[in-house]
Structure formats: structure tokens, C-alpha cells
Amino acid sequence: MMISPQKTARAAAFVFLTIFILGMSTELFIRPGMIVPGDAAATAQNIAASESLFRLSLVSDLIRLTLLMLLPLILYKLLNPVNKTIASLMVIFALVSVPISMLNELNHFAVLLLSSGAGNLTAFKADQLYALVMFFLELRNYGTFISQVLSFWIILLGYLVFNSGFLPRILGIWLMLAGLCYTVVTVLFFLLPNFDATIPGLLAFIGESLFYLWLLINGVNGEEWEKRAVESA
């Protein structure tokens, strides 16, 4: 039984929306209130005082990453009639990035353990523990950009959308621009750590958001999708 492309499109939009909400809640609202730039002691003490909230943010991140594995599979179902090879490459690049991101979350667990001052950490002085907390937070930041190298999958997504015939070509252009922005920001982060990535980051966000909002509100051109599905069968 063939699943409706409209249901597939809206499922992708719903998963993306959930990923977005989980990501924003942790990165913009929960953890920033605990981290004090340049003050390792205050940061460690804030995390220790809000241990349950910090743990909640970790669980939220793991759920988000699990959904991030589901998203490209749904998109493959929607876009494989366009080009199965490119759609498969899109899925591979997207899925490989997730284990990297999950392993990167170990840095946050290290921060949690260091902030709690567990018994096996008594060999460290307080200022050493605080310094290690900031070290692992920074390491997690670097790990985020390592996985973002594989954002090339969004360029492939844009290519598929552009050539689909059942979605507006402008959305494909925006997605390819978004993927390019992610890649450029990643490279510049490692070459020029102080580079202000606000503008390319905003462009990438707009590109992705427009695509998923379109899927949520308008879905796809069902007749054109069925035509492509028959041609690719």
C-alpha cells in the first residue's frame, strides 16, 4: 500500500518542527542560563545547582538526535522518485552525522560529572574541576561543528527538491544555499574561530524553515509526484 505523499510531506515537517523546538529549548533557553562566559566557577556551580534541568537538556538532545535519524528517511520516501542515487547519498550523509553528534554529547555528561564533584574526582582541586568543565563545554562546541561538516546532505536535498517537479524550485535553491552556508560556517569556524556567523546562520535557518513550512501547509503536487513515482518504478 502506497503512503500518501501529502502525509509523508507533513510527517517530515512535523519531525523537523519537533527537532527545532527541542534544539531551541536547550540551546537558547536552558543551558545558556547556566553558562557564564569567562567564569568557570560560576558555570560549574550553576550546573550543579540545576542538575535535574541540565539532565533534562541532555535527554532532550538525545531525543532530538534520534528524530534527526528519522527525518532523512522520511524525506527519502518523499524524494526518491526524483533520483534514487542522490536520495540515497542524502540519507547516508545525514545518518553518519548523527552518531558523531551523539558521541559529542558525552562531553556534556563529562561536564555534569565534573560539576557534581563525584567522589572519584577528589584528586582534583576545585579550580581544576572548574577549568575542566569549561574545557569539555568548549570541546562539545567543536564537536557540533565537526558533525555539521556533513550538512552537505542539505545541498543534496535542495538538488532533489529543485528537480522534483512537485515542489517549487525556489525551495530547492534556498535549501542548497542553506547547506552551503552550513558548510562555509563550519570551515570558517575552524579557520577563523572569531568569525561572526550570524548572517550565514540566519540564511541557513530561513532556507530550511521555508521548505518545511511549505511541506506542512501546502504539501506536494500529488499528480506530479505520482507521475515521477511511476517513471522511476
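**Focus: the pattern of salt bridges**
Point 1. Summed over the entire model, instances satisfying the criterion amount to nine salt bridges.
Point 2. One salt bridge in this structure joins Glu224 and Lys227, with 3.5 Å as the shortest N-O distance. In this pair, Glu224 and Lys227 are both assigned in helix H10 (residues 222–232), three residues apart and thus about one turn of the helix distant.
Point 3. The partly exposed category is assigned to Glu224, whose relative accessible area is 26%.
Point 4. Where salt bridges share partners, they join Glu27, Arg31, Asp61, Arg64, Glu105 and Arg140 into one cluster.

**Brief notes about the environment of Asp127**
Point 1. On the secondary structure map, Asp127 appears in helix H6 (residues 126–148).
Point 2. By relative accessible area, Asp127 is classed as exposed at 51%.

**Description of the confidence of the model for the protein**
Point 1. In this model, the protein carries an average pLDDT of 90, and 96% of its residues clear a pLDDT of 70 or more.
Point 2. When pLDDT is averaged over each helix and strand of the protein, the minimum, 88, is found for H10 and the maximum, 96, for helix H7 (residues 152–162).

**Description of the packing of aromatic side chains**
Point 1. Inspection of the entire model under this criterion finds nine aromatic pairs.
Point 2. Residues Phe93 and Phe152 carry aromatic rings whose centres are separated by 5.3 Å and whose planes lie at 65° to one another, so their mutual orientation is edge-to-face. Note that Phe93 is positioned in helix H4 (residues 84–104) and Phe152 in helix H7, a separation of 59 residues in sequence.
Point 3. One Lys or Arg, Arg169, reaches over the ring of Phe162 and ends 4.4 Å from the middle of that ring.

**Things to note about the layout of surface pockets**
Point 1. Approximately 1700 Å³ is the volume found for the largest pocket.
Point 2. What lines the largest pocket is a set of 48 residues, among which Met24, Glu27, Arg64, Thr144 and Gln148 lie closest to the centre.
Point 3. Listing elements by their share of the lining of the largest pocket, those giving two or more residues are helix H1 (5–30), helix H3 (51–79), H4, H6, H7, helix H8 (169–191) and helix H9 (198–217).
Point 4. At nine residues, the largest contribution of residues to the lining of the largest pocket is made by H6.

**A few points about the environment of Gln45**
Point 1. Mapped onto the secondary structure, Gln45 falls in helix H2 (residues 40–49).
Point 2. Among the residues examined, Gln45 registers a relative accessible area of 45% and is labelled partly exposed.
Point 3. Here the alpha-carbon distance between Gln45 and Ser116, two residues 71 residues apart in the chain, equals 8.7 Å.

Conventions and cut-offs
- Residues numbered from 1 in each chain as written.
- Predicted model: local features only at pLDDT ≥ 70, side-chain atom pairs only at ≥ 80, totals over all residues.
- Heavy atoms only, no water.
- Salt bridge = Lys/Arg side-chain N within 4 Å of Asp/Glu carboxyl O.
- Helix = DSSP H or I, 4+ residues; strand = E, 2+ residues; numbered from the N terminus.
- Buried < 20%, exposed > 50% of the residue type's maximum accessible area, 1.4 Å probe, protein only.
- pLDDT = per-residue confidence, 0-100.
- Phe/Tyr/Trp six-rings, centres within 6.5 Å; stacked < 30°, edge-to-face > 60°.
- Lys NZ or Arg CZ within 6 Å of the ring centre and 35° of its normal.
- 1 Å grid on protein atoms, 1.4 Å probe; cavity = no way out; pocket = protein on both sides within 12 Å on 5 of 7 lines; lining within 4 Å.
- Points joined across faces, edges and corners; volume = space filled by probe spheres on them.

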